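# Chain and residue survey
Here is how the chains run, residue by residue.
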Amino acid sequence: QVQLVESGGGLVQAGGSLRLSCAASGRTFSNYYMGWFRQAPGKEREFVASIKWSGGSTAYADSVRGRFTISRDNAKNAGYLQMNSLKPEDTAVYYCAALFITSRRWDYWGQGTQVTVSL
């Protein structure tokens, strides 16, 4: 059974940093992408960043490019989202997800972790 478990969320002041982690288990993820999404109150879930598990190619939403960095650790079967220069508009529940390389939609989701950025 595939499980994705996020951690690392919390409350931080604007300009601060947080590092989110996503522990993945239940299968080998070499043929997957790992992604981060977020959902703010009253808004739809939006894409934040993704990384190809094998090879490491990355993609970012324009709103976070240059501030957030996605990475993964193959040995630990874990993904990370380093978030710097946080803004109040980054406040949301952050989810990690896994997409098989030939899938058309994200196959697995974590339960989410809250990130709150105060002024």
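Residues numbered from 1 in each chain as written. Predicted model: local features only at pLDDT ≥ 70, side-chain atom pairs only at ≥ 80, totals over all residues. Heavy atoms only, no water.

The next thing to look at is the overall build of the protein. Within the protein, the regular secondary structure consists of zero helices and 11 strands. Beginning at the N terminus, the succession of helices and strands in the protein can be written as β-β-β-β-β-β-β-β-β-β-β. Counting every position in the protein, which comprises 119 residues, the buried fraction comes to 42%. Where the 13 positive side-chain charges of the protein centre and where its 8 negative ones centre are 5 Å apart. (Helix = DSSP H or I, 4+ residues; strand = E, 2+ residues; numbered from the N terminus. Buried < 20%, exposed > 50% of the residue type's maximum accessible area, 1.4 Å probe, protein only. Lys, Arg positive; Asp, Glu negative; His and termini not counted. Charge placed at Lys NZ, Arg CZ, Asp CG, Glu CD.)

Here the focus is the side chain of Ser-50. Mapped onto the elements, Ser-50 comes out in strand β5 (residues 46–52). Not counting chain neighbours up to four residues away, the residues in contact with Ser-50 comprise Met-34, Gly-35, Ser-57, Thr-58, Ala-59, Ile-70 and Trp-106. (Contact = heavy atoms within 4.5 Å.)

What follows is about the nonpolar core. One finds Phe-29, Trp-36, Val-48, Phe-68, Leu-81, Met-83 and Tyr-94 to be the most contacted residues of the largest nonpolar core, which totals 30 residues. Going through the elements one at a time, β3 (18–25), β4 (32–39), β5, β7 (68–73), β8 (78–83), β9 (92–100) and β11 (113–118) are the ones with two or more residues in this core. Non-local contacts of Phe-29, meaning those with residues more than four positions away in its chain, are made with Val-2, Leu-4, Ala-24, Trp-53, Asn-77 and Ala-98. (Core = buried A, V, L, I, M, F, W, Y, C linked by side-chain atoms within 4.5 Å.)

A word on the packing of aromatic side chains. Within the structure shown, the criterion is met by seven aromatic pairs. Taken together, a centroid distance of 6.3 Å and an interplanar angle of 40 degrees make the contact between Tyr-32 and Tyr-108 tilted. You can see Tyr-32 sitting in strand β4 and its partner Tyr-108 sitting in strand β10 (residues 108–109), a full 76 residues away along the chain. For Tyr-108, a relative accessible area of 24% corresponds to the partly exposed category. Ring plane angle 75 degrees and centroid distance 5.7 Å describe the contact between Phe-37 and Phe-47, whose orientation is recorded as edge-to-face. Remark: Phe-47 occurs in strand β5 and Phe-37 occurs in strand β4; sequence separation between them is 10 residues. By relative accessible area, which is 30% here, Phe-47 ends up partly exposed. Among the aromatic residues, ring-to-ring pairing joins Phe-29, Tyr-32, Trp-53, Phe-100 and Tyr-108 into one connected group. Note that Arg-45 overlies the ring of Trp-109, its terminal NZ or CZ placed 4.4 Å from the centroid. (Phe/Tyr/Trp six-rings, centres within 6.5 Å; stacked < 30°, edge-to-face > 60°. Lys NZ or Arg CZ within 6 Å of the ring centre and 35° of its normal.)

Before going further, it helps to examine the pattern of salt bridges. Inspection of every chain in the model, using the stated rule, returns four salt bridges. When the shortest N-O distance is used, the salt bridge between Asp-90 and Arg-38 registers 2.9 Å. A residue pair is termed long-range when its members are at least 10 positions apart, and Asp-90 in the loop between β8 and β9 and Arg-38 in strand β4 qualify at 52 residues. Accessibility classification places Asp-90 together with Arg-38 in one group, the buried group. (Salt bridge = Lys/Arg side-chain N within 4 Å of Asp/Glu carboxyl O.)

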